[in-house]
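# Working through the structure, step by step
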Amino acid sequence: MPRIVAIANYKGGVGKTTLASVIAATLSEKFGKKVLIIDADPQSNITEVFIPPTSFEKVLGYAKTQQKVFSLEWIVGSGEPIVYRATENLAIVPSKPEYIGLAKYLIVPAERVYTLRKEIDDKLTEFNYVILDLPPQMYGLIGPLIKMASALITPVTKTSFALTALYFLIRDMRGTPPNDKPPFIGAVLTRFRTVEKANIEIYRKRVRRIVEEAYASYGMKWELEEALKSPIFERVFYAHPKLADIRALPFDPSENVRLIRVLRGKTKYSSQILSFVEPLVTEVEKRIEIAEKVLQ
Ligand SMILES: Nc1ncnc2c1ncn2[C@@H]1O[C@H](COP(=O)(O)OP(=O)(O)O)[C@@H](O)[C@H]1O
Ligand SMILES: [Mg+2]
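Before going into details, it helps to say that this report is about the structure given with it. These numbers come from a predicted model, not from an experiment. (Residues numbered from 1 in each chain as written. Chains lettered and ligands numbered in written order. Predicted model: local features only at pLDDT ≥ 70, side-chain atom pairs only at ≥ 80, totals over all residues. Heavy atoms only, no water.)

Taken together, 14 residues are adjacent to ligand 1, and Gly-13, Lys-16, Thr-17, Thr-18 and Tyr-238 come closest. Note that an oxygen atom of ligand 1 is positioned 2.6 Å from one of the side-chain N or O atoms of Thr-18. Here an oxygen atom of ligand 1 sits 3.0 Å away from a polar atom, N or O, in the side chain of Arg-191. Protein chains shield 79% of the accessible area of ligand 1, which is 560 Å² for the free molecule. With respect to the detected pockets, ligand 1 is housed in the second largest pocket. By residue number, the principal contributor to the shell around ligand 1 is helix H1 (residues 16–29), which donates 3 residues. When its residues are assigned to classes, the shell around ligand 1 shows 6 nonpolar, 6 polar and 2 charged. (Near = heavy atom within 4 Å. Polar contact = N/O pair within 3.5 Å; in protein donor to acceptor, adjacent residues only side chain to side chain. Areas by Shrake-Rupley, 256 points an atom, 1.4 Å probe, with all protein chains shown as cover. 1 Å grid on protein atoms, 1.4 Å probe; cavity = no way out; pocket = protein on both sides within 12 Å on 5 of 7 lines; lining within 4 Å. Sits in = over half its atoms within 2 Å of the grid points. Helix = DSSP H or I, 4+ residues; strand = E, 2+ residues; numbered from the N terminus. Nonpolar A, V, L, I, M, F, W, Y, C, P; charged D, E, K, R; others polar.)

Encoded structure:
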């Protein structure tokens, strides 16, 4: 059964998609895992990271002739998903921008979450991980989808709004049955610069307080406090100008997309990025494993 990892924060622009991309690509490229990304965001940003425009045209054609559907239709239960292979170990169920039109009405019924999870467990058995890249704000989608995840990770940037969004995300999650799901394995501080040591410490304290307050509002305690100690990842997802630039974009069709080339060490700045990305993704796996052991 694949581990489903949800990357969520109600706030937009906090680095969800970039973090999801890097986790998925590192697990597959560096750790040899089979990974499936589900792009659950109508903005289709992660689809653009892994599918170049020319290939996306082909995917549209393929969907028509094979009668397969993009992410949101699959998620609500109206068809078989397109599974696009980006590399040998990495695949994606793409979203498409046309979904922007229906996004505001979209509600995933609670029952669908069980059948979707079952479908993933039964049919997508080759994958070790399913990474869910979620939209901001679409509460009728985020809430139910998170419930089928094996772990939740929240990116937090240098804005107190991202913290408020985290507070409400945890509250909604814990207020909806089953209220122990999914385990929150931590917040990742994103887009901080390496020199901002003091800021990073301030944010660690703030996140801890927000997590405590959110759980306390339901008379609960963070369930992994003893096992994981801190609700904030030790590793920071640092800002790097080249990470702001990982969309696939036009290129020679024989070449891999940009992020894959970065992780394969094919760019001048590969080692800079790998120096903080590999330890971060190691911590992701470690935290998931600990959570599984403690909560089984
Ligand atoms: N570690 C990073 N370094 C540099 N830029 C980043 C980093 N993470 C995110 N960004 C940039 O910040 C913006 C928002 O990130 P994105 O991942 O799209 O957020 P979200 O999915 O939460 O809306 C994008 O322009 C992205 O390129
Ligand atoms: Mg996004």
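And the narrative resumes.
Compared with an ideal rise of 1.5 Å per residue, which puts 20 residues at 28 Å, helix H8 (residues 197–216) spans 29 Å between its outermost C-alpha atoms and is within 8% of the ideal. Of the positions making up H8, those classed as buried are Ile-200, Tyr-203, Arg-204, Val-207, Ile-210, Val-211, Ala-214 and Tyr-215. The buried residues of H8 occupy an angular sector of 140° when the element is viewed end-on, so they sit on one face. What points out from H8, more than 90 degrees from its buried face, is the exposed set Ala-198 and Lys-205. Buried residues belonging to H8 abut strand E6 (151–156), helix H7 (160–175), strand E7 (184–192) and strand E8 (237–238). (Expected span 1.5 Å × (residues − 1). Buried < 20%, exposed > 50% of the residue type's maximum accessible area, 1.4 Å probe, protein only. Arc of directions from axis to C-beta. Contact = heavy atoms within 4.5 Å.)

Attention now moves to the packing of H1 against helix H11 (residues 270–295). Running from N to C, H1 and H11 point in directions that differ by 85°, and their axes come no closer than 10 Å. By the angle between their axes, H1 is roughly perpendicular relative to H11. The segment H1 lies against H11, with Leu-19, Val-22, Ile-23, Thr-26 and Leu-27 engaging Val-277, Glu-278, Leu-280, Val-281, Val-284 and Glu-285. Class assignment for the residues of the contact of H1 with H11 results in 8 nonpolar, 1 polar and 2 charged. (Axes fitted to C-alpha atoms, helices over the stretch in contact; angles between N-to-C directions. Parallel < 35°, antiparallel > 145°, perpendicular 65-115°, else oblique.)

Time to look at the nonpolar core. Phe-50, Ile-131, Ile-153 and Phe-184 are the most contacted members of the largest nonpolar core, which totals 108 residues. If one sorts the elements of this core by residue count, H11 sits on top with 9 residues. Discounting chain neighbours no more than four positions away, the residues touching Phe-50 are Ser-21, Ala-25, Ile-37, Tyr-84, Ala-86, Leu-90, Val-257, Leu-259 and Ile-260. (Core = buried A, V, L, I, M, F, W, Y, C linked by side-chain atoms within 4.5 Å.)

Each pair of aromatic rings is reported with the distance of its centres and the angle of its planes. Tallying each qualifying case throughout the model produces 7 aromatic pairs. Ring plane angle 65° and centroid distance 6.4 Å describe the contact between Phe-184 and Trp-222, whose orientation is recorded as edge-to-face. Here Trp-222 lies in the loop between H8 and helix H9 (225–228) and Phe-184 lies in strand E7, a separation of 38 residues in the sequence. Assigned by exposure class, Phe-184 and Trp-222 land together as buried. Aromatic pair Tyr-238 and Phe-276: ring centres 5.7 Å apart, planes at 90°, arrangement edge-to-face. (Phe/Tyr/Trp six-rings, centres within 6.5 Å; stacked < 30°, edge-to-face > 60°.)

What follows is about the side chain of Asp-39. As for its position among the elements, Asp-39 is in strand E2 (residues 35–39). Buried and without a salt bridge, Asp-39 has Arg-247 as its closest oppositely charged side chain, separated by 9.4 Å. There is a polar contact of 2.6 Å between the side chain of Asp-39 and the side chain of Thr-47. (Lys, Arg positive; Asp, Glu negative; His and termini not counted. Salt bridge = Lys/Arg side-chain N within 4 Å of Asp/Glu carboxyl O.)

What follows is about the pairing of E7. Burial analysis of E7 places 8 of its 9 residues in the buried class, which makes it a mostly covered element. By the bridge criterion, 5 bridges tie E6 to E7 in an arrangement that is parallel. Each bridged residue has a counterpart across the sheet, and for Val-156 the counterpart in E7 is Leu-189. The handedness of the E6 to E7 crossover, carried by H7, is right-handed. Of the strand pairs in this sheet, E7 and E8 are connected by 2 bridges, and their pairing is parallel. (Pairing = 2+ DSSP bridges. Right-handed = clockwise from strand over helix to strand, strands pointing away.)

Of all 5 residues in E2, 5 are buried, a share of seventy percent or more. Burial of the side chains of E2 extends over both faces: Val-35, Ile-37 and Asp-39 are buried on one face and Leu-36 and Ile-38 on the other. In terms of strand pairing, E2 meets strand E4 (residues 90–93) through 4 bridges, oriented parallel. Counterpart to Ile-37 in the pairing with E4 is Ile-92. Alignment of E2 against strand E5 (residues 129–133), held across 5 bridges, turns out to be parallel. Residue pairing for E5: Asp-39 is matched across the bridge by Asp-133.

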